[in-house]
Every structure is written in structure tokens, then in C-alpha cells.
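So the chains spell out like this:
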Amino acid sequence: MRPRVLFARVVLMLRALQRLSTNQSVCLPQSSLPSSQSTCSPQSSDPVLLLPPRRRCCGAPSILHGDPGCHGSTSEAVMPGYLRLLFVLLCLLLIGECRKHRSRKKRWSAPAETPKPGSPLAKKVADGTKSRKLKTTHLLRVDEHDFTMRPAFAGPAVPVGVDVQVESLDSISEVDMDFTMTLYLRHYWKDERLAFPSATNKSMTFDGRLVKKIWVPDVFFVHSKRSFIHDTTTDNIMLRVFPDGHVLYSLRVTVTAACNMDFSRFPLDSQTCTLELESYAYTDEDLMLYWKSGDESLSTDDRISLSQFLIQKFHTTSRLAFYSSTGWYNRLYINFTLRRHIFFFLLQTYFPATLMVMLSWVSFWIDRRAVPARVSLGITTVLTMSTIITGVNASMPRVSYIKAVDIYLWVSFVFVFLSVLEYAAVNYLTTVRDGKERKLREKVREQSCSQTLPCSCGIPHTKTMMLDGTYSEADANSLAGYTRASMPAEDASDKQEQMVVHLALDNESTGTKRKGIRSFRIIENTHTIDTYSRMIFPGAYILFNLIYWCVYC
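Residues numbered from 1 in each chain as written. Predicted model: local features only at pLDDT ≥ 70, side-chain atom pairs only at ≥ 80, totals over all residues. Heavy atoms only, no water.

1. Details of the pattern of salt bridges
What counts, and what does not: We define a salt bridge as a side-chain nitrogen of Lys or Arg found within 4 Å of a carboxyl oxygen belonging to Asp or Glu. By definition, any uninterrupted DSSP run of H or I lasting at least four residues is a helix, any uninterrupted run of E lasting at least two residues is a strand, and each is numbered from the N terminus. Partly exposed residues are those whose accessible area sits between 20% and 50% of the maximum for their type, while under 20% is buried and over 50% is exposed, using a 1.4 Å probe and protein chains only.
The tally for this structure, following the rule as stated, stands at 17 salt bridges. Arg340 is the partner of Glu174 in a salt bridge, and the nearest nitrogen-oxygen pair spans 2.6 Å. Highlighted residues: Glu174 in the loop between strand S1 (158-173) and strand S2 (178-190) and Arg340 in strand S12 (residues 327-340), separated in sequence by 166 residues. Judged by relative accessible area, which is 10%, Glu174 ranks as buried. Taking relative accessible area as the criterion, Arg340 reaches 6% and is therefore assigned buried. A salt bridge links Arg331 to Glu276, with the shortest nitrogen-to-oxygen separation between them at 3.1 Å. With Arg331 in strand S12 and Glu276 in strand S8 (residues 270-279), this residue pair connects regions lying 55 residues apart in the sequence.

Here it is in C-alpha cells:
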């Protein structure tokens, strides 16, 4: 309870007691007064009253000495002492409350204790700039200057140093041909309008609220698609002002910028992307952007990594950019080189394509009469190669030039397709041979019916087949209906590597028979295409791989 309130209550209680005491009179005995001032004499009906003077006693005999006196009792005579005691208690209570209030006030407003000599706290001298009594805007004189104008307006260009710390390289998109990067962008310049007095030369640090009241460089990202300043939990902006007017302005930004990529060697390629910084409004005559510490102005985190790329190098450059309508501007470049990891594409593209090509060679060892097996194998490998090519192109931009992976996949596709064409040629030549064999059997049958064959020995339509040792059992079984006979020794030199149908013909038809046998040899040896393919296809594909990997690696 406050002392003022307590004092008011005490005053009110005293007034109430005073009113109570005025309602009761106290008469003094006659012996205590002079004879000339008798209180209850019969000659006077108005006795002398002590408390209060406006109250009159009645003419009754006195109670104290048996004389006629005033009304009242003994308790009425001791009432003033009770009031005094009560008054003293209230005063003591009031004094105690006042002391408590004073001690509490000293506790909250007590000055800081002076540190002992030699302690670390004694070495620190209080800085006037850190006092809360002085407003920041008054200390920096923000209201006294027009910060819509650059520092040293109408004078030389303001030098603005820049340094960047790359926090993360978030993603690289080949389809959109861009990259996303999070970085800390810091600006350094001097504005004498922000200079302030400081005994210890200490700087003052502010958040983004002061940035809106002073001049800051208008740096933007050239060729950026999206960018934003982080605002969790507040805007990630820091402003530090030094007593001499130097300013540090730092902010945390995530930017998505375009990157011109060349995919002619994809996926064995290296890409160089660039992030460009430039002043939007001020030309080189008003604002001079420069890297504050050269190549050391760009720092990166060693833990930055990407799934598909290896970061090889970060470096900085600067040059002037010209715009025909506005003039020359200082432009800063952040260059970084990325090399693509090949192992992922080896597993997902190159190895499956190579296996499909090798699978297509299996058909060269399958019998040419197994048409369903060889046809289904060839179609399966062709469709699989088409799927691989489609999957690779779906994750790539639609460029108008040929990529390295396209060369490998399309050459592999050609090998698979040629294996299908090889069997088509083998099957066609086999069909032609079977047709000629059928015609030859019919011709022999007709001749055997029209002429008497001495070797038939009464067995009509007997057909004899002579084979040399160069034909396989399957070739001999293909000419069903012919009997086998050994080749005479005198004709062996004229009919090597030929299948001869021995007929009982005249000596005049010997030349015609040899001519038909020569053409029949070519038809019968069509299986040699598979034999040559077993060596040509693998050899050619191995040669292609050697040339491909030597050129692109």
C-alpha cells in the first residue's frame, strides 16, 4: 500500500474519532477549579466545559464527589488517553510503511556497483553510443540528411566493395538450364552522413528496419530468374555502422540464375556457370563496384557437394557492361566450374546399351530354321534400345545438336538393327535355296520317268545323291528322297565342295549338269553369313568403343 493512501486513511480515522469524542462531555470536579470558577454552583446553571466548549453539562449532582455534576461516567474521563494511544499506533504504522516503500524504491533504482580495481569489468569504459537514453535516429542524424541521394552526390563515384560467402549450391537443372545458390552478400562503403561520436570507436549494429531510412547500393543479379531474401524468423539483414561513417551491409539471399550449358559432350562434359552482380541505377560515374579482396572475396563451404557434379573451381572476375540507352556499368562475376560424375550414366545408360548389343549377337548361334526364336530376340533388343534412348532424351533439353550419349546409343541401336537384318538375309537366301532344290527334284523325277536308268535295277524313281566330305549331316538330311552314294575317284577333282545329284544321263548332258551344280553350291552355303557375323559384329563394336572413349575421355 502506498504511503499517501495510508496517510489519507489515517486522517479519515482521526476525524471520525474526533467526531465521536465531541459527542461526549467531560466535567472537572469542583475542587480542581478555583472558587471563582465553580462548575456546578447553584447560582449558575452553565458549568465550565473542557471538551468541547460548545457542550453544556446539566445541573445534576456530581458523581465524582457526591456533588451535583454533569452526566457521564469514569470511562468518559479516560477517553482522551485511549485516543492518544490509538493515534500513536497509527503513526508508527505509517512510519513503517514509508520505510518499506523507500527501501523498495532504492532496490529498483540503485546505481550499478563500482567494480573493484583490477577486475575485468573495471577495464570496460561505458560507451555513450550504447546508452538507451539517446535514440539511434538522433545519434546517426538520419532526419537531418536526405538519404535518397548517394554519398558525395555530384562528386566522384562511390566505391562499394563486395564479398560473397557461398553457403550452398542447391541444384543444377539441365532441362531448365539454370542453377540455384544460397549466399551471404556483403557491401562495404563509406557514408560520412552516418558518422557519430564514440569514445571507444565501437560500431553499432542494426537489423533491416534501418535499411529503409538510409542509402544502400542497388545491387541486383543479372540473368536471375528468381531470388529472395530469407525472412525466418526475421529479415536476414544486418547493418553495421562505424563511427567514421564506414558501413557494412550484409544479407542472406537465395537466387536462381540462368546458366548457358553446352551438352555436345554430355554426359562426359564440364559446365561453367556464372552469377553476375551489377548496380541497377548507378553507372560507373556514380558507383564503382569492385571485389573487396580480389579472389579472396569469394569464400565457399568445403562441405558443398552435388549428386551429379564435382565442383572443381570458384573464381571471380569483373568488367564493364555497356547498355546503349543508359551507359557503362560495373559488373562482377562469380564463376564456378562443374564436372559431371560419369558413374551414374555408366550404370543407367552405357552398360544396358552394351548388354543389348551383346544379346543381339546370340541369334548368330541359333539355327537359321528357328524363325520364332531369332525374330523375337531381335525385336526385343530393338525395342529395349528404343526405350533407353527415349529415357535419356526425356531428362535433357531439346537441343538441336548431337550429344555424346546420342552417338553411343544410336550406334548401338544400329548394331542391334543390323543383327535383325542379318537374319532376314539368311532366311531369304534359305527360302530361295529351298525353292531351287524343289525344282531340281521335280526335274530329276521327270527325267527318271522318261529314261531307263541302268543303275535302278528295276526300282523305279530311284534318286541317288553323292556328297563329298565338306558338307554337314544337316545339309545332307535337307535333301530328303535321295539315296547316298560315294563319289567316283575320277570325278572327285572336278566336283570338290559340291553336292551332286547322280543321274543316269548321257555323256552329252555332262556340261549342263556341272553348271547347275556350281550355282547350287552358293545356295547351299548361305549359313556362312552367320559364321562371318560371329566375328565381324563383335570386332566392329569393340573398335567403335575404343574410338569413342578415346575421343570423349
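2. Quick notes on the packing of helix H6 (residues 343-360) against helix H8 (residues 404-450)
This is how it is decided: Between N-to-C directions, angles cover 0 to 180 degrees, with each direction set by a line fitted to C-alpha atoms, over the stretch in contact for helices. Any angle between 65 and 115 degrees counts as roughly perpendicular, while under 35 counts as roughly parallel, over 145 as roughly antiparallel, and the rest as oblique. Definitions for this section: a left-handed crossing has its near helix turned counterclockwise from the far helix by less than a right angle. A right-handed crossing has that turn clockwise. Throughout, a residue-residue contact means that at least one pair of heavy atoms, one from each residue, lies within 4.5 Å.
One can describe the packing of H6 onto H8 by two numbers: an axis separation of 9 Å at closest approach and a directional angle of 15°. If you check the angle between H6 and H8, you find them roughly parallel. The two elements H6 and H8 cross, and the hand of that crossing is left-handed. Side by side, H6 and H8 meet where Thr349, Tyr350, Ala353, Thr354, Met356, Val357 and Ser360 of the first sit next to Val405, Tyr408, Leu409, Ser412, Phe415, Val416 and Ser419 of the second.

3. Some remarks on the side chain of Thr180
The residue Thr180 is located in strand S2 in this model. A relative accessible area of 15% means that Thr180 is categorised as buried. Apart from residues no more than four positions distant in its own chain, Thr180 is found in contact with Leu169, Asp170, Ser171, Thr254, Val255 and Thr256.

4. Points about the state of the cysteines
The following threshold applies: Throughout, a disulfide means two cysteine sulfur atoms within 2.5 Å of one another.
Under the definition given, this model contains 1 disulfide. Free of any disulfide, Cys550 has its nearest cysteine sulfur in Cys553, 8.3 Å distant.

5. Regarding the packing of H6 against helix H7 (residues 371-394)
Our working rule: Lys, Arg, Asp and Glu make up the charged group, whereas Ala, Val, Leu, Ile, Met, Phe, Trp, Tyr, Cys and Pro make up the nonpolar group; the residues left over, Gly among them, are polar.
It is the contact of H6 with H7, at a shortest axis distance of 9 Å, that shows an interaxial angle of 165°. Judged by the angle between their axes, H6 and H7 are roughly antiparallel. Here H6 and H7 pass one another in a crossing that is left-handed. The residues of H7 that touch H6, namely those facing Thr349, Pro352, Ala353, Met356, Leu359 and Ser360, are Leu377, Thr381, Thr384, Met385, Ile388 and Val392. When its residues are assigned to classes, the contact of H6 with H7 shows 8 nonpolar, 4 polar and no charged.

6. What to know about the packing of aromatic side chains
Pairs of aromatic rings are described using the distance from one ring centre to the other and the angle between the two planes. Test applied: Ring pairs are drawn from Phe, Tyr and Trp, using the six-membered ring of Trp, whenever the two centres fall within 6.5 Å, and their geometry is named by plane angle: stacked under 30 degrees, edge-to-face over 60, tilted for the rest. Here, a charge over a ring means that NZ of Lys or CZ of Arg falls within 6 Å of the ring centre while also lying within 35 degrees of the ring normal.
All chains considered together, the criterion is met by 27 aromatic pairs. Among the aromatic residues, those joined into a cluster by ring pairs are Tyr350, Trp361, Phe364, Tyr408, Phe415, Phe537, Tyr541, Phe544, Tyr548, Trp549 and Tyr552. The cationic tip of Lys292 hangs over the ring face of Tyr188; the distance from NZ or CZ to the ring centre is 4.8 Å.

7. Describing the confidence of the model for the protein chain
The line we're drawing: Values of pLDDT, ranging from 0 to 100, describe the predictor's confidence in every residue of the model.
Confidence in the prediction for the protein chain averages 76 pLDDT; 65% of positions are at 70 or higher. This model gives residues 478-513 a pLDDT under 50, and the stretch forms 72 contacts once residues within four places in sequence are excluded.

8. Thoughts on the environment of Val247
Here Val247 is to be found in strand S7 (residues 246-258). For Val247, a relative accessible area of 2% gives the class buried. When the C-alpha positions of Val247 and Lys190 are compared, they lie 5.8 Å apart, and in sequence the two are 57 residues distant. The contact partners of Val247, leaving out residues within four places of it in the chain, are His187, Tyr188, Trp189, Leu194, Leu239 and Arg240.

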